[in-house]
Amino acid sequence: MANPQITLTMAGGSNTAKTAFIHSMYHRLSAGVSSFSLYSVDRDKEIGLLSAWKTLQKTGQMPRAGMEPEEYHFQFTVDFTPLVQVNWTDYRGGVVTEAATPAAQKDLIAWRQQLGRSDSVYLVMDGAELGRWIKSGTPAISNFASGGMDAQAYNWAIREAKENRKAQGEPPPSFVVLITKMDMLPENAGMPVGQALTAAVKNLGGLVRELYAPGVTALVCPVQIGDFKTEGSSGRNVDPSLIRPQNVHRPVCFTLWHYLTEALTAQQEQLTKIQRKITDGDTALSELQSKPFRSFRLKKIEAARADQQAQGLEKARWEAEISTTQDQANRLMREFDRLPLIKDGKLHVASDMSS
């Protein structure tokens, strides 16, 4: 069987720590989390990712995005068994907010095309900007902009991703509201991090209304690379002793969980079809066996029994596959189940989220 592949795209403005997040996520998941791990299919890319992280730990030099898009192909494994390949391109900051001018056209068109075929989209919000928005009272009508990306741009990205997938006959992608620089969220909001996150989650729908559209499933996940307490860490050196990554593996676990839930739906449909065939086959076999002069139909009866046996084996195969997928999905959910989740217009929040 071919290795399944999914496409992941980030929608965020300039200096929002998208590149730093990719590096910290890889450092965490490549070392393994529970029964999950991630590795780069391209060994040279892996060396580059790990080398940049070692440099950060040694000298405090933050990873920087280049002017050209950087493509990554990650293999995600469960119990050391490949599950799915994650195709991820790191575009330079600001490409989302630019118009299709000749200078920006190449990257912009490529990014928009990738958005349209994405299985998961990360909406990157700078925690420092989000903190200021919270302190100002979380107004739905505001000049909120994270690295140049405003509320209208986030709404557009969600609509574009959904509509393109629908045109391809695919369900909506999953979404992650990725709040970077979590260390700056309480600093600028003027309240503890739990309260600041609660305020953000409860009011995000007023700012980015498309998060509550039918068919949208979105995780809200704050992440940080360290306790730097400064907005200017992008492109600058930081104090290595303050490097304390938090939550960086959880968005990818959510993305893979959503992928598996979609796979479960398809698997259940296949099982239902097989069960229907078995039921119809049982009826047909009973009719053959109940008719007089049964000896004249022995070959048909034997063929029907053989077909029922084959269908039974197929049913058992699908049941085993569903059981495995469900187990994998449950284990992935445990990695993010205390974080806020928006699904089909409803907010699901753990009771102790603000603790």
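Cut-offs and rules
Residues numbered from 1 in each chain as written. Predicted model: local features only at pLDDT ≥ 70, side-chain atom pairs only at ≥ 80, totals over all residues. Heavy atoms only, no water. Helix = DSSP H or I, 4+ residues; strand = E, 2+ residues; numbered from the N terminus. Buried < 20%, exposed > 50% of the residue type's maximum accessible area, 1.4 Å probe, protein only. Contact = heavy atoms within 4.5 Å. Lys, Arg positive; Asp, Glu negative; His and termini not counted. Charge placed at Lys NZ, Arg CZ, Asp CG, Glu CD. Phe/Tyr/Trp six-rings, centres within 6.5 Å; stacked < 30°, edge-to-face > 60°. Lys NZ or Arg CZ within 6 Å of the ring centre and 35° of its normal. Axes fitted to C-alpha atoms, helices over the stretch in contact; angles between N-to-C directions. Parallel < 35°, antiparallel > 145°, perpendicular 65-115°, else oblique. Nonpolar A, V, L, I, M, F, W, Y, C, P; charged D, E, K, R; others polar. Pairing = 2+ DSSP bridges. Disulfide = S-S within 2.5 Å. Core = buried A, V, L, I, M, F, W, Y, C linked by side-chain atoms within 4.5 Å. Expected span 1.5 Å × (residues − 1). Polar contact = N/O pair within 3.5 Å; in protein donor to acceptor, adjacent residues only side chain to side chain.

**A closer look at the overall build of the chain**
If you tally the helices and strands in the chain, you get 9 helices and 13 strands. In terms of its C-alpha atoms, the chain occupies a principal-axis envelope of roughly 90 × 50 × 45 Å. Residues classed as buried in the chain amount to 48% of the 355 residues present. Restricting to contacts in the chain with at least 6 residues of sequence separation, those with at least 24 account for 75%. For the chain, the distance from the average site of its 40 positive side-chain charges to the average site of its 38 negative ones is 3 Å.

**With respect to the packing of aromatic side chains**
Taken as a whole and judged by the stated rule, the model has 12 aromatic pairs. Measuring from centroid to centroid gives 6.2 Å for Phe21 and Trp88, while their planes differ by 50 degrees, and the two rings are tilted. Of the two residues, Phe21 is situated in helix H1 (residues 18–30) and Trp88 in strand E4 (residues 81–90); the sequence distance between them amounts to 67 residues. For the pair Phe21 and Trp88, one class covers both residues: buried. Each ring, one from Tyr72 and one from Phe74, has its centre 5.5 Å from the other, and the planes form 10 degrees; the classification is stacked. Tyr72 gets classed as buried once you look at its relative accessible area, which sits at 7%. Taking relative accessible area as the criterion, Phe74 reaches 1% and is therefore assigned buried. In textbook terms, an aromatic cluster arises when at least three aromatic residues are bridged by ring pairs, as seen for Phe21, Tyr26, Tyr72, Phe74, Trp88 and Tyr122. If you follow Lys45 out to its NZ or CZ, it ends over the ring of Tyr72, 5.5 Å from the centre. In this structure, Arg317 packs its charged tip against the face of Trp318, placed 4.8 Å from the ring centre.

**Overview of the packing of helix H3 (residues 105–116) against helix H5 (residues 151–167)**
At a minimum axis separation of 7 Å, H3 and H5 run at an interaxial angle of 60 degrees. Put simply, H3 runs oblique to H5. Counting all contacts with H3, which are made through Trp111, Arg112, Leu115 and Gly116, the residues of H5 involved are Trp156, Ala157, Glu160, Ala161, Asn164 and Arg165. For the contact of H3 with H5, the per-class residue count stands at 5 nonpolar, 2 polar and 3 charged.

**Observations concerning the sheet that holds strand E8 (residues 174–180)**
Taken together, the 9 strands give an open sheet; going across it, the order is E2-E3-E4-E1-E5-E8-E9-E12-E13, and neighbouring strands pair in mixed fashion. Each edge of the open sheet is held by one strand with a lone partner, namely strand E2 (36–40) and strand E13 (346–348). Across the sheet, the mean angle separating the axes of adjacent strands is 25 degrees when strand polarity is ignored. Bridge analysis of E2 against strand E3 (residues 70–78) gives 5 bridges, and the strand direction is antiparallel. Residue pairing in the sheet places Tyr39 in a bridge with Gln75 of E3. Across the sheet, H3 is in contact with strand E1 (5–11), E4 and strand E5 (120–126); its angle to E1 comes to roughly 125 degrees. Sheet contacts for helix H7 (residues 193–207): E5, E8, strand E9 (217–222) and E13; angle to E9, the most-contacted strand, approximately 155 degrees.

**Here's the deal with the state of the cysteines**
In the structure shown here, the tally under the stated rule is 0 disulfides. Take Cys221: it sits in no disulfide, and the sulfur closest to it among the cysteines is that of Cys253, at 9.8 Å. Judged by relative accessible area, which is 0%, Cys253 ranks as buried.

**Focus: the nonpolar core**
Counting residues in hydrophobic clusters, the biggest one holds 40 residues, and the most contacted among them are Leu123 and Leu211. Those elements that provide at least two residues to this core are H3, E5, helix H4 (127–135), H5, E8, helix H6 (184–189), H7 and E9. It is H7 that contributes the most residues to this core, 7 residues altogether. When neighbours within four sequence positions are excluded, Leu211 is seen to be in contact with Leu123, Ile158, Val177, Leu204, Val216, Ala218 and Ile342. Counting residues in hydrophobic clusters, the runner-up holds 39 residues, among them Val33, Val78, Leu178 and Leu341.

**Things to note about the packing of H1 against helix H2 (residues 43–59)**
Packed helices, taken two at a time, are described by the angle between their axes plus the distance between the axes. Where H1 contacts H2, the axes come no closer than 10 Å and their chain directions differ by 105 degrees. On the basis of their axis angle, the class for H1 and H2 is roughly perpendicular. Only Glu46, Leu49, Leu50, Ala52, Trp53 and Gln57 of H2 make contact with H1, whose side of the interface consists of Ile22, His23, Ser24, Tyr26, His27 and Ser30. Partitioning the contact of H1 with H2 into residue classes produces 6 nonpolar, 5 polar and 1 charged.

**A word on H5**
Helix length check: H5 (17 residues) gives 25 Å between terminal C-alpha atoms against 24 Å at 1.5 Å per residue, within 8%. Taken together, the buried positions of H5 are occupied by Ala151, Ala153, Tyr154, Asn155, Ala157, Ile158, Ala161, Lys162 and Arg165. Directly after H5, the chain includes Gly169, whose backbone phi takes a positive value near 75 degrees.

**A word on the side chain of Ser40**
Tracing the backbone through its elements, the reader meets Ser40 in strand E2. Within the structure, Ser40 has its side chain in polar contact with the backbone oxygen of Asp42 (distance 2.8 Å). Those residues in contact with Ser40 that sit more than four places away from it in its chain are Tyr26, Lys45, Glu46, His73 and Phe74.

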